[in-house]
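Breakdown of the fold
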Amino acid sequence: MAVMVNNKDAKNSMDTSKYVRYTSEQVEALERVYSECPKPSSLRRQQLIRECPILSNIEPKQIKVWFQNRRCREKQRKEASRLQTVNRKLTAMNKLLMEENDRLQKQVSQLVYENGYMRQQLQNASVAATDTSCESVVTSGQHQHNPTPQHPPRDASPAGLLSIAEETLAEFLSKAKGAAVDWVQMPGMKPGPDSIGIVAISNTCNGVAARACGLVGLDPTKVAEILKERPSWLRDCRCLDVLTAFPTGNGGTIELLYMQTYAATTLASARDFWTLRYTTVLEDGSLVVCERSLSGTQGGPSIPPVQHFVRAEMLPSGYLIQPCEGGGSIIRIVDHMDLEPWSVPEVLRPLYESSTVLAQKMTIAALRRLRQIAQEATGEVVFGWGRQPAVLRTFSQRLSRGFNEAVNGFTDDGWSLMGSDGVEDVTIAINSSPNKHFGSQVNASNGLTTLGGGIPCAKASMLLQNVPPALLVRFLREHRSEWADSNIDAYSAAALKASPYSVPGSRAGGFSGSQVILPLAHTVEHEEFLEVIKLEGHGLTQEEAVLSRDMFLLQLCSGIDENAAGACAELVFAPIDESFADDAPLLPSGFRVIPLESRTDGSGGPNRTLDLASALEVGSAGTRTSGDSGANSNLRSVLTIAFQFTYESHLRENVAAMARQYVRTVVASVQRVAMALAPSRLSSHVGPRPPPGTPEALTLARWICQSYRLHIGVDLFRADCDASESVLKLLWHHSDAIMCCSVKSLPVFTFANQAGLDMLETTLVALQDISLDKILDENGRKSFFTDYGQIIQQGYAYLPAGICLSSMGRPASYDRAIAWKVLNDEDSTHCIVFMFVNWSFM
C-alpha cells in the first residue's frame, strides 16, 4: 500500500534523489573532464561546478553519481568488447577443431578400411596352397602401391614456371587441409582459446614436416606481408633475395627466391634454398602463399652450389589465409623440408630429422610473430623504458643475428680462422673489417672505426647429457657470477668507449659480480625476454670507487619453458652504453642449448626456479621421482658458446689468447653446473618421500603459516600441513599471490610464490630490487601506510580491492589483500606477508 507523505521537507528530499536529465552541453562538459580524469576528487568536482556555469544547477552528489555511472558504462563497454572478441575467437577455433575432427574421422575410416583389407589379404594368403595363388596376392598388393608420378622436365619460361606453381599449389592445399601427410598432434601443444593454435607434426613423411592452424587479429593481406618477410621473424634466416618476380594471368605472382639460413652450432654447415614462391587468391577469397624448391626433377632454372652451404630442399609448403567473420584471419601453415641430415655428424642428425624442432623454430615462430604484432596494434602488450615495439623487436633481432653471425663466421662477412694453440677445443675467428661486420651499426662516435683493430670470436660446442636446456639457461641467466669474470666484463664495457683499450687485469677496479635484471619487454607467451642487466661497479681504492661506474648489458633470453618440446634455449647478451641509443652497436655473445632428442612423454616436470625457489623444492629436482628421472635419462643436447671482443692491431695476439682461455674457463664452469643440474645427480637421494628443502626455506614457510593462524585464527591451507614438505609445496603452488616484504622504512620484497612472481612479472633474483611502493597505486599506498600501524600492533590487516603494477608496468587487479606480521621463534617480527586474493591482469 502506498503512503502519501505531505511533509514539505520530505518532498524536497525525494526530489533531490530523482533521476537527473542532463543537457547535451552538460554531458559534453562532463565528458571533457572524464577524458582527463575518470575519477575526480570532491575538490575537483566542486571546482568543475564553479568553472562551468551550465553545471551550477546540479548537486555535487549527482556529479559524483554521473562519474560513477560513466566509469561503469566504460567498464561494461570494454567487457562487452572483450567478450565479443573471445566469442569470435572461440567460434573460429571451434571451426578449426571441427575441421580437424572431420579430418581425423576420415583418417580413422581409411585406417579401418586398410586394416580390413590387410586382414582379408592375410586370410587369402594363409588358405592359398599354390605358388600361383601366393603370386597373385603379391601382385594384387603391388597394384595398391601408387608410385610418385614423374613429371616431365619443364623449362624456365613463364608457362613452365606457372605449371610448377599450380602443381605446388595443389600439393600444398592437400597438406594444409590435412591430407597427403599423416599428421599427429605435437607433444605439449593442446588446442584451446588461449593457445597459439593447433600444431601437428609428421613422423612418417619424407623429411620433416609441421602444420599449424590458428586465428590472428590481422587481415589476410597484412598476414601475408609479414610472413613473406621471413628474415624479420625467422631467427635462422640470414638473407632472402627475390631474384625474379612476374605476374601470372590469373592475378597471382611468381617469385624465384634464394634463401640462406644459419647453422645452429659450430659443428654443422649452414643451409640454403633455391625456391619458387607462388601467391594467389582462391575462388573462396582465401589468400595462398605456397613455395617449393626448384630441382632437377621439377625443371625450371637452377643456380650452382654456394661454398660453405649445403643445398636443402623445401617440399610444397606455405600459408593458407582465410578472412574471418568479424575481422582477423584463420591461417594454416605448412612447413615441409628435407634438411639433408646426411651432411652433419651422426650425433647431430636428430636435430635435422626432428619435425618437432622444425615446428618450434619455424611454424610456431610464424604464429607467434603474427600474434605479437596483432596484440601490439591493440595496445595489449606493455613495453618498458618508453620504447616502441618495433624498436624492441629490432634489438632482439640484432642480438640474435649477431650471435648467429659469430657462430657461423662467414667469410663474406670478413671472418677468417686463426691458428690454434695445439688444442682444438676452442676455435678463434678474426674479423678485421668491423665496418663490414657491423654495417649500419658503426658510426664515428662509438670508437669502433677509429682503432684500426678488429673483432675476435672464441667459440666452442660440446655435448651435454641429461641436462634440460631450459634449466641450464635459466641458471646461467640468474647466476651470472657462477661463470662470468668481472674483469672480462669490464674489458667488454670498454669497447663502447673511444679511449684505448687495456688488456683485462690491468685495472684496479671492477664489477662486484652482483647483477640486477631490469625487464624491458617480453613476448605474449613469455617464451622470450628482452632485458637490461645492470652489473654494479666498485673500486678497490677510494679513487677507483669515485670513478667506478655500473655496466649494462642488453640481454635476450628464450626457451626457458621446460614443457616446450624441441625448443632451443638461448642466452645472448651485449654490452651497451648508459645512453642505450636505438642505433647503438651491439657485439653479442652468449649460449645456445639445442635438444637433440625430444621427450616423447610430453609430461615434463613442472617449472623449476632456482635459488630460493630451489631451496623451497617446489617442482625442483628435490621433488622428482624416480620415474621423472627416467624420463630424462637419455636427454641429450648440444651447447654452443660464442664470445666476441674487440682489439687494437698491436694487441691482437694477446686478446685472442685471452678470449681462448676465457671460453675454456666458461666451458669448465658450464660443465660443472651441468653436472650439478643433471637429473641423475639431483635424484640420487630419491626415496619413498622427497627430501626436504634447506632449513631456512622450511623455517620461513613454517613461520608464515603459524603467524597466519595466530593472527587470522584460521589455517592458511585447507590440507593437512603437518609435514614441512607439504607446507613448502602448498605455499609455492597457492593460487593467490603471496609475497614477503622486509620491515624497513622502504619495504622491499624478499620472497614470492609462483603466483606472486607471475603477478609481478619478475624472477626471484630481480624480486629483491622491487620495493612495495613501486607496485601499489596511489590508493593502495594510502591504504597500506594507514594500516601499517595496525599490522605492527594488531598483527594483521585487511586491505580493500585495488590495483598493482607489475615490473613491466602492467596493471593487475585484486579483490582484496591480507597483510600479516610474520613472527620468528623468538616472537620477533621477521617480515610482513601480503596475500593478494583473486588477482588478474587488466
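Structure shown above.
What comes next is a walk through the structure. From a predicted model like this one, the values you see are computed outputs, not experimental measurements. Here the residue numbering is sequential within each chain, running from 1 through the sequence in written order. Since the coordinates come from a predicted model, pLDDT governs what is reported: local features require at least 70, and pairs of side-chain atoms require 80 or more to be given and counted, while whole-chain, interface and lining totals use all residues. Note: side-chain values were computed over all heavy atoms of the structure, leaving out hydrogens and water.

1. Notes on the pairing of strand E7 (residues 287-293)
Defined as follows: For every residue, the accessible area (1.4 Å probe, protein chains only) is compared with the maximum for its type, and the residue is labelled buried under 20%, exposed over 50%, or partly exposed between those bounds. In DSSP terms, a helix is any run of H or I states spanning at least four residues, a strand is any run of E spanning at least two, and both are numbered starting from the N terminus. Two strands form a pair only when DSSP identifies at least two bridges running between them.
Of all seven residues in E7, seven are buried; the element is thus mostly enclosed. Burial along E7 is two-sided: the face carrying Leu287, Val289, Glu291 and Ser293 and the face carrying Val288, Cys290 and Arg292 are both buried. With seven bridges connecting them, strand E6 (residues 270-281) and E7 associate as antiparallel partners. Bridge assignment links Tyr278 to a residue of E7, and that residue is Cys290. Counting the residues that bridge the hairpin from E6 to E7 gives five residues, and of these Gly285 lies at a positive phi of roughly 90 degrees. In terms of strand pairing, E7 meets strand E10 (residues 317-323) through five bridges, oriented antiparallel. Residue pairing for E10: Leu287 is matched across the bridge by Ile321.

2. Section: the sheet that holds strand E28 (residues 840-841)
Read from one edge of the open sheet, three strands run E24-E25-E28, paired in antiparallel fashion. Taken across any chain shown, the strands that pair with only one partner, and hence form the sheet edges, are strand E24 (802-805) and E28. With four bridges connecting them, E24 and strand E25 (residues 811-814) associate as antiparallel partners. Bridging from a neighbouring strand, Leu805 pairs with Pro811 of E25.

3. A word on the nonpolar core
For clarity, the cut-off: Only buried Ala, Val, Leu, Ile, Met, Phe, Trp, Tyr and Cys residues count toward a nonpolar core, and they belong to the same one when joined by side-chain atoms within 4.5 Å. Contacts are assigned to residue pairs that have any heavy atoms within 4.5 Å of one another.
Counting residues in hydrophobic clusters, the biggest one holds 51 residues, and the most contacted among them are Ile704, Leu716, Phe749, Met759, Trp820, Phe834 and Phe836. Here this core gets eight residues from one element, more than from any other, and that element is helix H19 (residues 695-712). Setting aside residues no more than four positions away along its own chain, Phe834 makes contact with Ala737, Ile738, Met739, Cys741, Leu772, Phe784, Leu799, Ile818 and Ala819.

4. Describing the pairing of strand E20 (residues 636-644)
Within E20, eight of the nine residues are buried, which leaves the element mostly enclosed by the surrounding structure. As paired strands, strand E14 (residues 455-465) and E20 are joined by nine bridges and run antiparallel to one another. Across the sheet, Leu464 pairs through a bridge with Ser637, a residue of E20. Pairing of strand E19 (residues 589-595) with E20 involves six bridges; the strand directions are antiparallel. Pairing of Arg592 across the sheet is with Thr640, part of E20.

5. Some thoughts on the packing of helix H12 (residues 469-478) against helix H17 (residues 652-677)
Keep this limit in mind: In this description, a line fitted to the C-alpha atoms serves as the axis of each element, helices being fitted only across the stretch in contact, and the angle between N-to-C directions of two axes falls anywhere from 0 to 180 degrees. Here the angle decides the label: under 35 degrees means roughly parallel, over 145 means roughly antiparallel, 65 to 115 means roughly perpendicular, and every other value means oblique. Left-handed describes a crossing whose near helix is turned anticlockwise from the far helix through less than a right angle; right-handed describes the clockwise counterpart.
Where H12 meets H17, the axes come as close as 10 Å, and the angle between the chain directions of the two elements is 125 degrees. On the basis of their axis angle, the class for H12 and H17 is oblique. Two packed elements cross with a definite hand, and for H12 against H17 that hand is right-handed. Residues Leu471, Leu472, Phe475 and Leu476 of H12 touch H17, and the partners they reach there are Val670, Val673 and Leu677.

6. Quick word on the packing of helix H9 (residues 355-378) against helix H10 (residues 389-408)
We apply this condition: Amino acid classes used here: Ala, Val, Leu, Ile, Met, Phe, Trp, Tyr, Cys and Pro are nonpolar; Asp, Glu, Lys and Arg are charged; the rest, including Gly, are polar.
As a packed pair, H9 and H10 sit with axes 11 Å apart at the nearest point and diverge in direction by 155 degrees. With respect to H10, the axis of H9 lies roughly antiparallel. Residues Arg369, Ile373 and Glu376 of H9 pack against Pro389, Arg393 and Gln397 of H10. Its residues placed into classes, the contact of H9 with H10 shows two nonpolar, one polar and three charged.

7. A word on empty space enclosed by the protein
What counts here: Residues are said to line a cavity or pocket when one of their atoms sits within 4 Å of a point; the points come from a 1 Å grid over protein atoms alone, cavities being sets where a 1.4 Å probe fits but cannot get out and pockets being open sets with protein on both sides within 12 Å along at least five of seven lines. Grid points are joined across faces, edges and corners, and a volume is the space filled by probe spheres set on the points.
Applying the stated criterion across every chain yields a total of seven cavities of 30 Å³ or more. Space inside the largest cavity adds up to approximately 310 Å³. Looking at the largest cavity, it is lined by 20 residues, and the ones nearest its centre are Asp236, Thr261, Tyr262, Leu339 and Lys361. Only strand E5 (253-261), E6, helix H8 (349-353) and H9 provide two or more residues apiece to the lining of the largest cavity.

8. Some thoughts on the sheet that holds strand E26 (residues 816-823)
One open sheet holds the five strands; their spatial order is E22-E21-E27-E26-E23, and the pairing between them is antiparallel. Of all the strands in the sheet, the pair left with one neighbour each is strand E22 (749-752) and strand E23 (796-799). Within the sheet, the average angular offset between the axes of one strand and its neighbour, ignoring direction, is 20 degrees. Strand contacts of helix H24 (residues 778-794): E23, E26 and strand E27 (829-837), with the helix running at about 155 degrees to E23, the strand carrying the most contacts.

Just geometry here; none of it tells us what the structure is for.
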